[in-house]
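Take a look at the letters that make up each chain.
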Amino acid sequence: MIQKNMEYCKEEINKKAEYCLGCKVKMCTKGCPLGNDITQFIAYVKEKKYEQAYHILCNTSVLSPICGRICPHKSQCEGACVRGIKGDPVCIGELEAYVGDMGIEKQYQIPKFSEEKKEKRIAVIGGGPAGLTAAAWLIRNGYEVTIYEKYDKLGGILRHGIPEFRLEKEILDKQIQKIIDLGIKVQYQKSLGKDYVLEALEKEYDAIFLGIGANISAKMGIEGEELQGVYGGNELLEYKLPIEYIGKKVVVIGGGNVAMDTARTIKRLGAKEVNIVYRRAEKQMPAERKEIEAAKQEGIQFLFQTNVIKVIGANKVEKVECIKTELVKKEGEAREVPVDIIGSNFIMDTDYVVMAVGSKPEEGIVHSLGLELTSKGNIKIDENYRTSRKKVFAGGDICGVKATVAWASRSGREAARAIMQFLEEGKSN
Ligand SMILES: Cc1cc2nc3c(=O)[nH]c(=O)nc-3n(C[C@H](O)[C@H](O)[C@H](O)COP(=O)(O)OP(=O)(O)OC[C@H]3O[C@@H](n4cnc5c(N)ncnc54)[C@H](O)[C@@H]3O)c2cc1C
């Protein structure tokens, strides 16, 4: 729901903006993966000049209503806010979401960078944060862009992963429409590797950006993982598998966004008991503090410093065997490492097990592309986001960049800049 009652909100928002010190050295901007000029947009909010605030954000981002809601602010902009040293940081996320929502409500335009039409065509494969941002940057600079997306809607994980209770589809749809309205063409339900191949696009387009994400759940490699009733968290959220949770017990393994979102979704779908099992300490959880607190309030239980070592059942899951861990300092490791405590094993009854221990690219597709890969199976890019093929650039989760929306978006924007440079250089040859 768009922030209702914006006039009422305005007073609150302005109070929050006034709290910003407007520092000369912008630590918040340094903390933002997109490099948003945070003090400047907040300065405009203080003056109630919302359209100007919106344009400042548009200089670096096209995802403000989304980033304002779901970025891990405490480890990015707000974590770097000088106000946070002695007290609470400025609510940067909330302010950004407010201005982003204003952009939707009041139909502020995302400004173009150039009115000159360039005679070059670029294909963007994948319409998640990386692809949407790359496409927006290219079209704002006058290039012709077509997005090829395997689904009938754009958004990537924003649509097929992050649940409605964290990111409203109404906001997502409206922001995506705003981006498409810049003049981007979209080919829906066109899957790379199935409906067309890279070589064909290379012949048709001057450059290609690949942003197909990495939304396959990693496996743990433990006994019983193949049993019926064991699912990957990414797949559960993406495909909304028709599973009956009412009255069931569920164990979710992991400590990041996927673990938190699956656990909270499953609880809302009626599960009797949801246990998140995480092998490290609570303070080491990659999920945002507010997500952990929300999960606790919703009745989800946490077993910290606990590892699942075996899934047990005749045909389907019946139990899991767990072991307690202790955290040990190890040479060469940046943080303490969990080590199993011998003899601390215990058994838990459960109906389902959800693996949320990491995400990886879809092997079949990345291997079929004929591109050089990293040792982790991601698409290898150089410092200019270029793959091993001259015309093909890539960004976002498929390249193994830090898996957050803002980092994926940044890589789309920077890859677009690299593509433009490549196309401009090509003109003079
Ligand atoms: C459950 C979950 C919760 C998360 N929560 C947060 C959060 O709160 N905050 C945060 O910052 N980050 C979060 N993340 C991470 C963030 O969503 C990702 O880092 C980001 O979406 C990556 O963007 P991307 O564009 O690289 O890939 P994606 O978002 O995965 O988009 C890839 C796009 O490519 C399309 N595609 C895939 N294969 C093909 C093909 N063969 N042909 C054509 N199109 C294709 C897909 O349909 C999709 O539209 C979360 C991730 C998950 C899984």
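Located above this text is the structure these notes cover.
Residues numbered from 1 in each chain as written. Predicted model: local features only at pLDDT ≥ 70, side-chain atom pairs only at ≥ 80, totals over all residues. Heavy atoms only, no water.

A. The sheet that holds strand E3 (residues 185–187), seen in detail. Spatial strand order, E3-E2-E1-E4-E16: five strands in an open sheet with parallel pairing. Two strands in the sheet have a free side with no partner beyond their single neighbour: E3 and strand E16 (392–394). Strand-to-strand twist in this sheet, taken as the mean axis angle between neighbours without regard to direction, amounts to 20 degrees. Note that strand E4 (residues 207–210) and E16 share three bridges and pair parallel. For Ile-208, the partnering residue across the bridge sits in E16 and is Val-392. Sitting on the sheet, helix H8 (residues 129–140) is in contact with strand E1 (121–125), strand E2 (144–148) and E4, with an inclination near 165 degrees to E2. (Pairing = 2+ DSSP bridges. Helix = DSSP H or I, 4+ residues; strand = E, 2+ residues; numbered from the N terminus. Axes fitted to C-alpha atoms, helices over the stretch in contact; angles between N-to-C directions. Contact = heavy atoms within 4.5 Å.)

B. Representation of the packing of aromatic side chains within the structure. Within this structure, the stated rule accounts for nine aromatic pairs. Pairing Tyr-54 with Tyr-108 gives two aromatic rings, centres 5.5 Å apart and planes at 55 degrees, and the pair type is tilted. Of the two residues, Tyr-54 sits in helix H4 (residues 50–58) while Tyr-108 sits in the loop between helix H7 (92–105) and E1, which places them 54 residues apart along the sequence. Taken individually, Tyr-54 and Tyr-108 each receive the classification buried, so the pair is uniform in this respect. For the pair Phe-302 and Phe-304, a centre-to-centre distance of 5.4 Å together with 15 degrees between the ring planes defines the contact as stacked. (Phe/Tyr/Trp six-rings, centres within 6.5 Å; stacked < 30°, edge-to-face > 60°. Buried < 20%, exposed > 50% of the residue type's maximum accessible area, 1.4 Å probe, protein only.)

C. Region of the structure containing the sheet that holds strand E7 (residues 249–253). Strand order in the open sheet formed by five strands is E6-E14-E7-E8-E9, with parallel pairing between adjacent strands. Of all strands in the sheet, those with a lone pairing partner are strand E6 (230–232) and strand E9 (301–303), marking the two edges. Shown here is a sheet whose adjacent strand axes are inclined to one another by a mean of 25 degrees, direction ignored. Running at roughly 170 degrees to strand E8 (residues 273–277), helix H13 (residues 257–268) makes contact with E7, E8, E9 and strand E14 (352–355) of the sheet.

D. Spotlight on the pairing of E2. Within E2, four of the five residues are buried, which leaves the element mostly enclosed by the surrounding structure. Bridging between E1 and E2 involves five bridges; their strand directions are parallel. The partner of Val-124 across the bridge, within E2, is Ile-147. In terms of handedness, the path from E1 via H8 over to E2 forms a crossover that is right-handed. Sheet topology note: the E2/E3 ladder contains three bridges and is parallel. Along E3, the bridge assignment pairs Thr-146 with Lys-185. (Right-handed = clockwise from strand over helix to strand, strands pointing away.)

E. Structural view of unusual backbone geometry. Even without being a glycine, Lys-48 presents a positive backbone phi close to 60 degrees. Residue position: Lys-48 is located in the loop between helix H3 (38–46) and H4. For Lys-48, a relative accessible area of 43% gives the class partly exposed. A positive phi angle, near 45 degrees, is found at Lys-240, a position not held by glycine.

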